[in-house]
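Here's the letter readout for the chains.
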There are 2 protein chains.
Amino acid sequence: MILNPAEIEKRSFEIIDQEIEDNIAEENKPYIYRIIHTSADFEYGKITEIHSDAISSGITAIKSGCRIYADTNMIKSGVKKSALEKFGCEIVTSISDEAVAMEAERRGITRSIVGIEKACKDERIKIFAIGNAPTALHALKEMIFNDKVKPALVIGMPVGFVWAAESKEEIKKTGVPYAVTNGRKGGSTIAVAFLNALLYQLMKQSD
Amino acid sequence: MILNPAEIEKRSFEIIDQEIEDNIAEENKPYIYRIIHTSADFEYGKITEIHSDAISSGITAIKSGCRIYADTNMIKSGVKKSALEKFGCEIVTSISDEAVAMEAERRGITRSIVGIEKACKDERIKIFAIGNAPTALHALKEMIFNDKVKPALVIGMPVGFVWAAESKEEIKKTGVPYAVTNGRKGGSTIAVAFLNALLYQLMKQSD
């Protein structure tokens, strides 16, 4: 049994590389393999779609020390903190804010929507990581169409049975750089795996 | 498009009930459906295995105001806090403790193992929720066999390609009440979905 964390990770990525049946472009492997590593679900090899500008645009934003908006506390808690700090980045969410909860209740909509509307007013936020709420991704699409925000990267990986697949199709039509998991699948662990893969690639480059 | 969170959840569970092909025992539906809800992955209908004493034993522990050990910050951050507070429960993890990290480094093992060893010394911890590290579940099995701990419930849902499947087979042989996701799949969102389902069921009972 392997007990060393670095060896476990190395062996895991070797197994993924051996077993994956999809033809993943070399430049996308660090991202898609990490998603498979975090889910043990090879279907992500088929459904993960990365816009050709997504990686470079995301990396530029991180290097500039941007803020990242997450639609869940789980994403915030799972991101590689030391890497964020290294680049002067910060991850924020307003999903637990009392004011957001009250406004959502009053309007009969999800806190995720209100959280996105609020985030779009913060010009330092350049990356949006959506791992839970299709309504968040839908709201973000609306804000982009109405010229309220122009993200450097949208990680659009909400999960679910109601509007999750549709919200990803919507965001792909906005013209902003995106990484999505087509269909119903996704989640906080999936979105944060993509975000961490981006940070790890940058750490490698800057070593 | 449905924007009301309660309606979205209701509709999601209806879709799961319509589409699921596995024959799930009525008493397990709240748990397994919530896992599918959080992953959009119907394979969890096949691989989620719940020991016949797991629910009752977990509920008794929560009612007694136990501590819950999580192997990730993501689980801690995703658990339904208001429900925990209602029952006087607390969720803890030591995965980010500096002392744990240093000991793991020194011994060349994962922080997850050291975290489990430390948690087993805290008698208030009755439930273990493992969503990330197979090595954590393996270490817990060792502690149970050596009579160092007797959990009321082990949520054994680590994910991965190295020893994840094996660690679940190991824990099932210990005789303690368990809920596992057989094979490689699992994760923090999966483990916390099970834990939250347990809390939601209890909230319903106590309403």
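Residues numbered from 1 in each chain as written. Chains lettered and ligands numbered in written order. Predicted model: local features only at pLDDT ≥ 70, side-chain atom pairs only at ≥ 80, totals over all residues. Heavy atoms only, no water.

## Some details on the sheet that holds strand 2 (residues 67-70) of chain B
Residues and elements named next belong to chain B.
So, step 1. One open sheet holds the six strands; their spatial order is 1-6-5-4-2-3, and the pairing between them is mixed. Sheet topology places strand 1 (48-50) and strand 3 (90-92) at the edges, where each strand pairs with a single neighbour. Strand after strand, the sheet turns through a mean of 15° between neighbouring axes, direction not considered.
So, step 2. Note that strand 5 (residues 153-156) and strand 6 (residues 178-181) share three bridges and pair parallel. In the sheet register, Ile-155 faces strand 6, and the bridge partner there is Ala-179. (Pairing = 2+ DSSP bridges. Helix = DSSP H or I, 4+ residues; strand = E, 2+ residues; numbered from the N terminus. Axes fitted to C-alpha atoms, helices over the stretch in contact; angles between N-to-C directions.)

## Topic: the side chain of Ser-188 of chain A
So, step 1. Looking at the secondary structure, you find Ser-188 of chain A in helix 11 (residues 188-206).
So, step 2. Residue classification places Ser-188 of chain A among the buried positions, given a relative accessible area of 6%. (Buried < 20%, exposed > 50% of the residue type's maximum accessible area, 1.4 Å probe, protein only.)

## So, the nonpolar core
So, step 1. Judged by nonpolar contacts, the single largest core of 102 residues is most densely connected at Ile-155 and Phe-194 of chain A together with Ile-155 and Phe-194 of chain B.
So, step 2. Residue contacts for Phe-194 of chain A: discarding those within four places in its chain leaves Tyr-31, Ile-35, Ile-50, Ile-55, Leu-153, Ile-155, Met-157 and Ala-179 of chain A. (Core = buried A, V, L, I, M, F, W, Y, C linked by side-chain atoms within 4.5 Å. Contact = heavy atoms within 4.5 Å.)

## Regarding the pattern of salt bridges
When the charged atoms of two side chains lie near each other, side chains of opposite charge can form a pair.
So, step 1. In total, this model carries 36 salt bridges over all chains according to the counting rule given.
So, step 2. One salt bridge in this structure joins Glu-14 of chain B and Lys-10 of chain B, with 3.3 Å as the shortest N-O distance. Of the two residues, Glu-14 of chain B and Lys-10 of chain B are both situated in helix 1 (residues 5-19); the distance of four residues between them amounts to about one turn of the helix.
So, step 3. Its relative accessible area of 31% is what places Glu-14 of chain B among the partly exposed residues.
So, step 4. Here Lys-10 of chain B falls in the exposed class, since its relative accessible area comes to 57%.
So, step 5. We note a salt bridge from Arg-67 of chain B to Asp-122 of chain B, for which the minimum N-O separation is 2.6 Å. Taken together, the positions of Arg-67 of chain B in strand 2 and Asp-122 of chain B in the loop between helix 8 (111-119) and strand 4 (125-130) put the pair 55 residues apart, joining distant regions of the chain.
So, step 6. Within the structure, one salt-bridge network assembled from shared partners comprises Asp-41, Glu-43 and Lys-185 of chain A together with Asp-41, Glu-43 and Lys-185 of chain B. (Salt bridge = Lys/Arg side-chain N within 4 Å of Asp/Glu carboxyl O.)

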